[in-house]
Number of protein chains: 2
Amino acid sequence: MRTDYCGAVDASFIGREVTLCGWVDRRRDHGGVIFIDLRDRDGVLQVVFDPDGKEDFQRADTVRSEYVLRVTGKVRARSPETVNPNMATGEVEVYGRELTILSRAETPPFQLDEHTAVGEDVRLKYRYLDLRRAEMQHHFRFRSKVTTAIRNYLDQQGFLDIETPILTRATPEGARDYLVPSRTHAGKFFALPQSPQLFKQLLMVAGFDRYYQIAKCFRDEDLRADRQPEFTQIDLEASFVSEEDVMAVTEGMIRQLFRDHQDVELGAFPRLTFAEAMAKYGSDKPDLRIPLQLVDVKDLMTEVEFKVFSGPARDPNGRVTALKLPGGNDKLTRKQIDDYTKFVSIYGAKGLAYIKVNDRDDLQNGLQSPIVKHLPTEVCAAILQRVEAESGDLIFFGADTGKVVSEALGALRCRLGEDLDLFTCDWAPLWVVDFPMFEQLDGSAGAWTPLHHPFTAPSCSAEALADAPGAALSRAYDMVLNGTELGGGSIRIHDPVMQQTVFQILGIDAAEQREKFGFLLDALKYGAPPHGGLAFGLDRLIMLMTGAGSIRDVMAFPKTQSAACVMTDAPGEVDAAVLRELHIRLRRKEESAG
Amino acid sequence: MRTDYCGAVDASFIGREVTLCGWVDRRRDHGGVIFIDLRDRDGVLQVVFDPDGKEDFQRADTVRSEYVLRVTGKVRARSPETVNPNMATGEVEVYGRELTILSRAETPPFQLDEHTAVGEDVRLKYRYLDLRRAEMQHHFRFRSKVTTAIRNYLDQQGFLDIETPILTRATPEGARDYLVPSRTHAGKFFALPQSPQLFKQLLMVAGFDRYYQIAKCFRDEDLRADRQPEFTQIDLEASFVSEEDVMAVTEGMIRQLFRDHQDVELGAFPRLTFAEAMAKYGSDKPDLRIPLQLVDVKDLMTEVEFKVFSGPARDPNGRVTALKLPGGNDKLTRKQIDDYTKFVSIYGAKGLAYIKVNDRDDLQNGLQSPIVKHLPTEVCAAILQRVEAESGDLIFFGADTGKVVSEALGALRCRLGEDLDLFTCDWAPLWVVDFPMFEQLDGSAGAWTPLHHPFTAPSCSAEALADAPGAALSRAYDMVLNGTELGGGSIRIHDPVMQQTVFQILGIDAAEQREKFGFLLDALKYGAPPHGGLAFGLDRLIMLMTGAGSIRDVMAFPKTQSAACVMTDAPGEVDAAVLRELHIRLRRKEESAG
């Protein structure tokens, strides 16, 4: 139906006749002539109709925004005064000869170039219009291009693209699973996979050696924090590999994507242990673009009378730490500090102590702070020395349980970085390694729960693991970029005894192991190779690379924060007869409440 | 952990030390020496341990089938008498120096090289073992390679890979939908998509111009006929295209796949109209490898007294047709003809009349048949002439409604082709075009139902369509290969009035249109481009190309015929507390029965 894309027409086309198809981006009358900006996937091109065109001119006069047209005409140079340097095709225009209206359009519910003024619900309801915007078109072209690059990279590395099922096994208490009632098996359910974890491990047991999949995953949970019920992972697994092998191949992939599609050379990724990351950044996904670091001062505080500090300092689970903001005295008002005090309270901090270092050399009068009166001068001196304070610096303090201090001061660090634009670079990737195998649900008292998942291998023997679960480190590794976890993985357990040991530590007894993971334990008995892998969040990667404000802006048809699709009105109601075939019925309201 | 894959080691490696990882395919003792066939993804390689190897020799003595090993040793030439020409690596062996047992293996429940003797349920239960077989390894390497080739082809053609949702809108009566209860929206359900049809049309309305996706689709139905609850489509759609454009790009793709991955030049695909296909082959997916054709003789039968023929011949919905099997007299026994009579009864045929042409020139005594006595000689003569019968031919007849005759004789044609190996070539692709828009559910009396789907454009105007729905042809096209529908598509409706006309013919009133398809009708109002596309069944394509016996053999973790996974034991039971959160409960048995 056409000879060329609009965006492809440039000065080299002058004199040629072209046929174009696209949408009316804008239509103007000027001096008895009609100017139509015709838009397609590739760009926008000006088409001109003058009264010599007769019927075609008259038809051009009837077109409105978002009409779909087919236009034939000769490409000509624009006169010098009408050249538009802001348009890729701004040197030329098409002198329209034939015009066909392929589709008419009602006035759109919002202007396609004014999306910022429109609520997201309206954009989502008319998603097919929102997606016409140049920014959205770019996101999805970019996503397609990068996805292809990822596949090509993994193909070249010998990974096989193998599909794993979407209808998988439901576990009795799977609280975050989406469930699917079976028609054939009354009273039973499939679950949609939260990840293809066990299937990819079975593919390793099956000898496929290197597997990858761009895989849909599902999680039925609160959609705060920019999550979606269904999301896409770059999922991969390899046999006969160590941590170094998996990290090399995946770091190489991200480096190549940024080189080819972002024009950025990321260099070798630094590595931090989990312990270092928590100590310096209060987070296991630190944003290394921000030059601030936490400095622990717990040892200086054990003997002070000020209980806010000495209490946590004497508690084995406590943490007392300082966060120095260089030159912060001038940068923050009292009001801002109050705001930050409120901000850290979100993370459970009961306050936000600080010292303004007015004169570094005058410990008596040079420190401005609500707390210095509670601290001996030699403690103040030791603090200033440890954080290497200069006059003009501002030092924040956190003192509480380790968890609260890390989360609160870690978040404050990022907040300061953003508010004061402290970023030292655009991209800061790193690996975090040496995670603990387990954490305890309620501080130091509760049951053990895996920091990653129960199939992660420890770096110690099964005996050592059983003896001291809290001391064991795992063979897991997370890739972090700009404070976001891009991907995570580990070397997996390939020994059935080790797997049973982990299950036991997690409180899963032999009967439950068999019931839930019998097929995995069986598979490990028949010759499982050492193996490991990693999964990236593709949506998040594309969001970071495009600079989109939300993962919803890099998914064609996302759900709202309440897990609904306002365009198609999903989820929807279903006839009772259908539910009967599925062997279920709706609960009455009072039943659900109970 | 290794330097090379086993299968990669050949004579060029002689003298080099290699480290290999893999499974014990076979272990033999011979003259005090241990031979281990070590297997990995790439192939099998012989490793030799002799007593000089001390501990490593002793360890080699303990290994059993399917143990996972790491072996280091020097590659050497085999002695001439031990060269194995049936093995890719048969000229060489590794003289083992170091052996590490990475995993032990219990005796597998079946021998990996004797799968044919094992029931499929056992193979599926231990799928990770079944997949180790060379044949299965090949299927999935091939599938990965072809999938990559498909993506590359479509990328080069400007198609964007865009993901559409898996959690989609449920329609009230969606009988074949898998449903997913919503946690957030009590009493409402998502449906898993039977195809991304409407989403890809919306992507065209959104201006993406060319879309593709290797998309998971779901259908909850009887799993007869080698179907699976979830299957994979190569789904594509393009804007501003005609039938010819879509057919050219997709035919080009299949031709390239067969050229590059099957070493076959398919040539240009012939085209048949639906009417021709039904007339000549009794099927809209004819297997053109079989040289037999149906020849209608309805007009010859209207006046005969034999009611079996004259009844259908006089009925406007009847069909009377002949199927000539050249030289069939010698090829089929009476017993076989009886079997075929039973076979066609599956399709509703009440019998299978036939004539054995013993002597083509002797109409009195040369025809052997239970029916010739009911037919006038001149009718017999006319039949023989029309089917161009020769002495020795066998002619079958079908006489019933058009539907029964086409299905029965179409199936008989294929059955004869297989039983007598009549295939004239390996691959016979074609297009079937000019389908009717609608068919009637109960012959000529029932409601109209679409032959494809209700978004398929007709080749006539909306007025003509409303006037005579039964006469309208659609702009649909199916690609058929060796009697299997590989893919189907159409130009879609892009005009809201046309879409409403089709809905009305299908008995969907305005309220139901809005309720179910409001978002589509809205989208068509805001400037929809002309568009069309096609979807291929990827599983089926790979099955045909690999010669696998079932689509289950080209899916890593398929379901059984009762839609269950015997490996993971899915679907499974779910706690009542979880169901409560989903606002549903199980029906009691007596409720379900009702």
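This one's a predicted model, so the numbers in the text were calculated from it and none came from an experiment.

Cut-offs used in this document
- Residues numbered from 1 in each chain as written.
- Chains lettered and ligands numbered in written order.
- Predicted model: local features only at pLDDT ≥ 70, side-chain atom pairs only at ≥ 80, totals over all residues.
- Heavy atoms only, no water.
- Buried < 20%, exposed > 50% of the residue type's maximum accessible area, 1.4 Å probe, protein only.
- Helix = DSSP H or I, 4+ residues; strand = E, 2+ residues; numbered from the N terminus.
- Pairing = 2+ DSSP bridges.
- Domains from an automatic or database assignment.
- Contact = heavy atoms within 4.5 Å.
- Axes fitted to C-alpha atoms, helices over the stretch in contact; angles between N-to-C directions.
- Phe/Tyr/Trp six-rings, centres within 6.5 Å; stacked < 30°, edge-to-face > 60°.
- Lys NZ or Arg CZ within 6 Å of the ring centre and 35° of its normal.

(A) How the structure looks around the pairing of strand β3 (residues 43-49) of chain A. Residue and element names in this part refer to chain A. The buried count for β3 comes to six of seven residues, which makes it a mostly enclosed element. When β3 meets strand β5 (residues 92-103), the two strands line up parallel, connected through two bridges. Along β5, the bridge assignment pairs V48 with Y95.

(B) Molecular detail of the domain arrangement of chain A. The assigned domain composition of chain A is domain 1 (6-103) and domain 2 (290-424). Taken over C-alpha atoms, the centre of domain 1 of chain A sits 63 Å from the centre of domain 2 of chain A.

(C) Quick peek at the sheet that holds strand β14 (residues 318-325) of chain A. All names here are of chain A. Within the open sheet, the five strands sit side by side as β13-β14-β17-β15-β16. Their pairing is antiparallel. Across the chains shown, the open sheet's two edge strands, defined by having one partner strand only, are β13 (294-296) and β16 (367-368). Pairing of strand β15 (residues 353-357) with β16, which is carried by two bridges, proceeds in the antiparallel orientation. From the neighbouring strand, V357 faces β16, where its bridge partner is L367. Along the sheet face, helix α7 (residues 274-281) touches β13 and β14 and points at about 100 degrees away from the line of β13. Strand contacts of helix α13 (residues 402-419): β13, β14 and β17 (394-401), with the helix running at about 150 degrees to β17, the strand carrying the most contacts.

(D) Broad picture of the packing of aromatic side chains. Applying the stated criterion across every chain yields a total of 32 aromatic pairs over all chains. Aromatic side chains F309(A) and F397(A) sit 5.6 Å apart centroid to centroid with 45 degrees between the ring planes, which places their arrangement in the tilted category. Placement of F309(A) in helix α9 (residues 307-314) and of F397(A) in strand β17 is noted, with a sequence separation of 88 residues between them. Taking the relative accessible area as the measure of exposure, F309(A) reaches 1% and is therefore buried. For the pair F438(B) and W448(B), a centre-to-centre distance of 6.3 Å together with 50 degrees between the ring planes defines the contact as tilted. Pair noted here: F438(B) is in strand β19 (residues 438-440) and W448(B) is in strand β20 (residues 448-450), with a separation of ten residues, a long-range link. One aromatic cluster is present, formed by Y126(A), Y128(A) and Y526(B) through successive ring pairs. A cation sits over an aromatic face here: R415(A) above F343(A), 4.8 Å from the ring centre.

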